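Listed below are the residues making up each chain.
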Amino acid sequence: MSEFVDILSNPAFWVAVLRIATPLILGTLGVLLCERAGVLNLGIEGIMVAGAFTGWLAVYAGAGLWGGVLVAALTGAVLGLLHAFLTVVLALSQHVSGLGITLLATALSYFGYRVSFPKVSTPPTITPFQEMDWLVLPILAEQTPLTLLALASVPVVAYILYRTPVGLAVRMVGENPHAAEGQGVSVVGVRTGAIVLGSAFMGVAGCFLTLSAFNAFFFNMVNGRGWICVALVVFASWRPGKALLGALLFAFFDALQLRLQQSGAAVLPYQMYLMLPYVLSILALVLVARKASYPQALMKPYRKGER
Amino acid sequence: MRLEKRQHSSPWALVLAPIGAVAFTLLVSALLVRWAGAPVGQTYALLLQGAYGSVFALSETLTRAIPLMLTGLAATVAFKARLFNIGAEGQLYVGALAAVAVGGMHDGTGLPLPPMLLFVLMMLSAALAGALLLLGPALMKARLGVDEVVTTLLLNFIVLLLVSLMLDGPMKDPTAMGWPQSVALMGELELTKLIPQTRVHTGLLLALSLAVALWALMKFTVLGFDIRALGANPRAAAFSGVPVTRTMVAVALLSGALAGLAGAIEVAGRTSYLTLDMSPGYGYSGIVIAMLAALHPLAVVVASVFVAGMLVGADSMSRAVGVPTFIADVIVAASLISVLVATLLTQYRVRWK
């Protein structure tokens, strides 16, 4: 028991929690924006890989760190545009289109990496974002600016969704596209916009890994984080504030299993600790399932004039 | 622009659309080949040659196509009923795990049963393991409304960790010098080779007969009708008396069993023991194959030979001209997207206005 107290009383633990949570917060906000407009985006896993790769490549090629973030966001936006074309304009299956984007974006990133660096054995590195020493707040001062960006994005997204006409339009096309069309809202336009913006968030979530958490691009570095974000949105009942909470909770358990593995207190095989976050995600989904209020039009393709 | 449903779509268009889409994909992918600095014609020639150009190449492609065919069938039956099973990867691994548990030589010997019986038992337990793994998410979807996409995806990670756990502990091969691999299958349980001196094995015949069986089930049985009705319109199906939950459970058991069999057949036919890198994403590729095949069980056979050919051909092509093997993954993923669009255009016409 004292083992737990030791871990939890160490500020370094909470620094790790916030660091692990950062890409999840950004990715979850991205999924949330898409789903609020009624479109599932399983492209997230691949968009994160692409964002991680292009953001890092831009910095490696001489762009500034924020330039890299911008490139990652644009990469996400372009892939989002493709997803929007397939799912909104052509009204194809959202599941299959999203998986297709994940496979395509991942394959293209790996291909691009291998073409750019055919013979390297150790991945080339960049100088990543530094900790914000100038910030006087504890724990936050030991994060990079991208974490601050992620935290600041939560109220911004919430404000846009609940307090602006654009946000109202997004929620309308996600709940009842036919009624929205009747009100003169362009369903195709609003959904496309939401997917593009959401996918840009996913791209930035990916580049956090290469520009802040690490300093290089590895294969398999996203490793399911995108799928976790899809689960977190359900857990959060499609609310930005709860999404932040969910991401922090997930990161808490992830950081905890890392510490338990390292400390001598690990009585169970390490795989059990690694499983914990995934098992908890499924449990959380089951627990919230009964009161989850899905956007009513989620996963329902909309063709004008077709019921 | 908007889409308008076609009154008739020509049967020719249905066949030509996927072929045209794949040709289009290869044309666009040529840009990537140029980027990698290789001659396009030679690269594609080597790719095709490495995939289908010799008995050896074809045997390697067919070997690779076996698990893909099975995961493709698993995705086909599930997606047909709108049960979005993204967990075939995990189901494949639990199938392999069950196969090794039943047919492996623990303590140097296996279960004292006649080989024939043991083989059947091994395959059944693999199918059961895969089926049970998907049953959970399917019931959670039917009873609680939990989205099966997320649960099946997350289960893939849990299963891989479980396999890693088993390979570290109870199923570890003590003679493998610390390499994480399971105990070997008993020799009598391994599938025989179809062509001597190649790796293609009788699992191919198993996979082919399962494809035909699934086609017959979908076309001629009440369950097949219910599955198609459920996929076409769940509410209308429920109204007309299709037992929704029961059909969903049956679909989950079928789909999971097919993916579980993929794992067992891979162990019995190719690797003879279980490792953590046994499947380079066969479960996920199965979804691509099912979609390329427009969810038709017999077309799955063709699609899996195509995808396997790209993967195998890219290996030998890459050694010769240095284009990264990831080109195969790009071609497969881009084919998926372009075939989806092309198939849509056979059913809808674009009106610009």
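Residues numbered from 1 in each chain as written. Chains lettered and ligands numbered in written order. Predicted model: local features only at pLDDT ≥ 70, side-chain atom pairs only at ≥ 80, totals over all residues.

1. Brief notes about the overall build of chain B
Along chain B, the regular secondary structure elements total 13 helices and two strands. Computed over C-alpha atoms, the radius of gyration of chain B comes to 21 Å, within 12% of the 20 Å expected from 2.2 N^0.38 for 353 residues, which places it in the range of a compact globule. If one aligns the C-alpha atoms of chain B with their principal axes, the spans along those axes are about 75 × 60 × 30 Å. Out of the 353 residues belonging to chain B, those deemed buried represent 53%. For chain B, restricting intrachain contacts to residue pairs at least 6 apart in sequence, the fraction spanning at least 24 positions comes to 78%. (Helix = DSSP H or I, 4+ residues; strand = E, 2+ residues; numbered from the N terminus. Rg over C-alpha atoms; globule rule 2.2 N^0.38 Å. Buried ≥ 20, exposed ≤ 12 C-beta atoms within 10 Å, placed from the backbone. Contact = placed C-beta atoms within 7 Å.)

2. A look at the overall build of chain A
For chain A, the helix and strand inventory stands at twelve helices and zero strands. Taken from the N to the C terminus, the helices and strands of chain A come in the order α-α-α-α-α-α-α-α-α-α-α-α. Principal-axis analysis of the C-alpha atoms gives chain A an extent of 65 × 45 × 40 Å. For chain A, the proportion of its 307 residues judged to be buried stands at 50%. Summarising the internal contacts of chain A: among those between residues at least 6 apart in sequence, 77% fall at separations of at least 24.

3. So, the packing of helix H5 (residues 94–116) of chain A against helix H13 (residues 326–347) of chain B
Where H5 of chain A meets H13 of chain B, the closest approach of the two axes is 8 Å, and the angle between their N-to-C directions is 150 degrees. It follows from the interaxial angle that H5 of chain A and H13 of chain B lie roughly antiparallel. Where H5 of chain A crosses over H13 of chain B, the handedness of that crossing is left-handed. Across the interface between the two elements, Val 96, Gly 100, Leu 103, Leu 104, Ala 107, Leu 108, Tyr 110, Phe 111 and Arg 114 of chain A of H5 of chain A pack against Phe 326, Ile 327, Asp 329, Val 330, Ala 333, Ala 334, Leu 336, Ile 337 and Leu 340 of chain B of H13 of chain B. (Axes fitted to C-alpha atoms, helices over the stretch in contact; angles between N-to-C directions. Parallel < 35°, antiparallel > 145°, perpendicular 65-115°, else oblique. Left-handed = near helix turned anticlockwise from the far one by under 90°.)

4. Digging into the packing of helix H4 (residues 65–89) of chain A against helix H9 (residues 187–213) of chain A
All names here are of chain A. The geometry of H4 relative to H9 is characterised by a closest axis approach of 6 Å and an angle of 140 degrees between their N-to-C directions. Considered as vectors, H4 and H9 are oriented oblique to each other. Seen from above, H4 lies across H9 with right-handed handedness. For the contact of H4 with H9, the residue count by class is 18 nonpolar, ten polar and one charged. (Nonpolar A, V, L, I, M, F, W, Y, C, P; charged D, E, K, R; others polar.)

5. Some thoughts on the nonpolar core
Judged by nonpolar contacts, the single largest core of 226 residues is most densely connected at Leu 232 of chain A together with Leu 70, Leu 97 and Val 330 of chain B. Looking at this core element by element, the count peaks at 16 residues for H9 of chain A. (Core = buried A, V, L, I, M, F, W, Y, C linked by C-beta atoms within 7 Å.)

6. Regarding the environment of Ala 229 of chain B
Within the secondary structure layout, Ala 229 of chain B lies in helix H8 (residues 222–232). C-alpha of Ala 229 of chain B to C-alpha of Leu 336 of chain B: the two residues are 107 residues apart in sequence and 25 Å apart in space.

7. Some thoughts on the confidence of the model for chain B
When pLDDT is averaged across chain B, the result is 92; 99% of the residues are at 70 or more. For this predicted complex, the interface confidence comes out at an ipTM of 0.92, alongside a pTM of 0.93. (pLDDT = per-residue confidence, 0-100.)

8. What to know about the environment of Val 185 of chain A
Residues and elements named next belong to chain A. With respect to the helices, strands and loops of the structure, Val 185 is situated in the loop between helix H8 (177–182) and H9. Accessibility expressed as a C-beta count within 10 Å gives 17 for Val 185, which makes it partly exposed. The spatial distance from the C-alpha of Val 185 to the C-alpha of Val 173 is 8.1 Å, given a sequence separation of twelve residues. Contact partners of Val 185, with chain neighbours within four places excluded, come to Ala 169, Met 172, Val 173, Ala 180 and Val 190.

9. Brief notes about H5 of chain A
In an α-helix there are 3.6 residues to a turn, and that puts residues three or four apart on one side. End to end, H5 of chain A covers 32 Å across 23 residues, agreeing with the expected 33 Å (1.5 Å per residue, within 8%). Among the 23 residues that make up H5 of chain A, 20 are buried, leaving the element largely enclosed by the rest of the structure. (Expected span 1.5 Å × (residues − 1).)

10. Re H4 of chain A
Along its 25 residues, H4 of chain A runs 35 Å from first to last C-alpha, staying within 8% of the 36 Å computed at 1.5 Å per residue. Residue Ala 91 of chain A follows H4 of chain A closely and has a positive phi angle near 55 degrees.

11. Regarding the interface of chain B and chain A
Between chain B and chain A, the contact holds 39 residues from the first and 36 residues from the second. Only strand E1 (2–5), helix H1 (11–35), helix H5 (115–144), helix H6 (148–168), helix H11 (282–292) and H13 of chain B provide two or more residues apiece to the side of chain B that touches chain A.

12. Quick word on the environment of Ala 58 of chain A
Residue and element names in this part refer to chain A. As for its placement among the helices and strands, Ala 58 is situated in helix H3 (residues 44–60). Accessibility expressed as a C-beta count within 10 Å gives 23 for Ala 58, which makes it buried. In this structure the C-alpha to C-alpha distance between Ala 58 and Gln 271, which are 213 residues apart in sequence, comes to 36 Å. The residues contacting Ala 58, other than those within four sequence positions of it, are Ala 63, Gly 67, Gly 68 and Val 71.

13. A word on unusual backbone geometry
Residue and element names in this part refer to chain A. Even without a glycine there, the phi angle at Asn 220 is positive, about 60 degrees. Note on placement: Asn 220 falls in the loop between H9 and helix H10 (225–235). Residue Asn 220 is classed as exposed on the basis of its 9 C-beta neighbours within 10 Å. Positive phi outside glycine occurs at Ser 237, with the angle close to 50 degrees. Here Ser 237 lies in the loop between H10 and helix H11 (240–262).

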